[in-house]
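# Architecture at a glance
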Amino acid sequence: MKKIAVYCGASTGNSPAFAKAARELGDYLARHKLELVYGGGGVGLMGILANQVLAAGGKVHGVMPQELVERGAAFAKLTDLKIVPNMSIRKQTMLAISDGSIALPGGPGTLEEIIEAFSWARLGDNLNPCVFYNVAGYYDPLKKMFDEMTAKGFLTTADRAKLLFSKSLTEIFTFMASYVPPQIRTYPEVGNM
């Protein structure tokens, strides 16, 4: 692994634990020579994470839609910034240039991006691991929802095992290093239903 896509909030949330985790992740990435790929913003957890990677001597690659650049959202200190036409292209680009995806706490955009990455993994369109950095139990309700999907037959046990929720960076990166993508889904003859 060389580059890690990280999805996170453009705000800091209301717990100091979230900012602390962003700094710890930034330090970990730089210390292990893993480059950050993220949305390119300079505020919230995004800004904390990017600043920490850079302060620790790491590289930070931003990917941002033109409309957000025009609104002044781009962080000026980045190693490089790729400007793309829209959010859909941003998500595709981030997955294409990274070797794994991690979600720090964030809002609907963070959730959408990591869920799409996992969904694409099940289709065979994303070969990289997806992880929820479960800081202070933030993603516990979502973990429960994925377990419920599995219990109710909407997600296979094998595919559920391909998605990690963890508060430990050691566990996260061990999971990512040994990750094997899910088998590509196949479908019975649809016409015979």
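Refer to the structure printed above.
Note that the coordinates shown come from a computational prediction; the quantities given were computed from them, not determined experimentally. (Residues numbered from 1 in each chain as written. Predicted model: local features only at pLDDT ≥ 70, side-chain atom pairs only at ≥ 80, totals over all residues. Heavy atoms only, no water.)

A word on the overall build of the protein. Secondary structure assignment for the protein yields eight helices and seven strands. Compactness check: the protein gives a C-alpha radius of gyration of 17 Å against a globular reference of 16 Å for 193 residues, within 12% of the reference. Seen along its three principal axes, the alpha-carbon backbone of the protein occupies a region of about 55 × 35 × 30 Å. Counting only contacts in the protein whose residues sit at least 6 apart along the sequence, the fraction spanning at least 24 positions is 67%. If you sum the accessible surface of the protein, you get close to 9900 Å²; carbon and sulfur atoms cover 56% of it. With 20 positive and 17 negative side-chain charges, the protein shows a separation of 5 Å between the mean positions of the two kinds. (Helix = DSSP H or I, 4+ residues; strand = E, 2+ residues; numbered from the N terminus. Rg over C-alpha atoms; globule rule 2.2 N^0.38 Å. Contact = heavy atoms within 4.5 Å. Areas by Shrake-Rupley, 256 points an atom, 1.4 Å probe, with all protein chains shown as cover. Lys, Arg positive; Asp, Glu negative; His and termini not counted. Charge placed at Lys NZ, Arg CZ, Asp CG, Glu CD.)

One ladder, built from three bridges, connects strand S1 (residues 3-7) with strand S2 (residues 35-38); its direction is parallel. Note on S2: the bridge partner recorded for Lys3 is Glu35. Assessed by its sense of winding, the connection that carries the chain from S1 through helix H1 (residues 16-31) to S2 is right-handed. In terms of strand pairing, S2 meets strand S3 (residues 60-65) through three bridges, oriented parallel. Each residue of the ladder has a partner; that of Val37, found in S3, is His61. (Pairing = 2+ DSSP bridges. Right-handed = clockwise from strand over helix to strand, strands pointing away.)

Below, the discussion takes up the packing of aromatic side chains. With the rule as written, the count across this model stands at eight aromatic pairs. Taking the centre distance of 4.6 Å and the plane angle of 5° together, the rings of Phe132 and Phe165 count as stacked. With Phe132 in strand S6 (residues 130-133) and Phe165 in strand S7 (residues 163-166), this residue pair connects regions lying 33 residues apart in the sequence. When its relative accessible area of 1% is taken as the criterion, Phe132 is described as buried. A relative accessible area of 10% means that Phe165 is categorised as buried. (Phe/Tyr/Trp six-rings, centres within 6.5 Å; stacked < 30°, edge-to-face > 60°. Buried < 20%, exposed > 50% of the residue type's maximum accessible area, 1.4 Å probe, protein only.)

In this fold, Phe154 is placed in the loop between helix H6 (140-151) and helix H7 (157-160). Overall, the relative accessible area of 66% leaves Phe154 in the exposed class. Along the chain, Phe154 and Lys91 lie 63 residues apart, while their C-alpha atoms are 25 Å from each other.

On to the side chain of Arg160, then. Tracing the backbone through its elements, the reader meets Arg160 in helix H7. For Arg160, a relative accessible area of 12% puts it in the buried group. Of the polar contacts made by the side chain of Arg160, one reaches the side chain of Asp147; its length is 2.9 Å. Here the side chain of Arg160 touches Leu163 through a polar contact of 2.8 Å, landing on its backbone oxygen. Leave out the neighbours within four places in its chain, and Arg160 touches Lys143, Phe146, Asp147, Thr150, Leu155 and Phe165. (Polar contact = N/O pair within 3.5 Å; in protein donor to acceptor, adjacent residues only side chain to side chain.)

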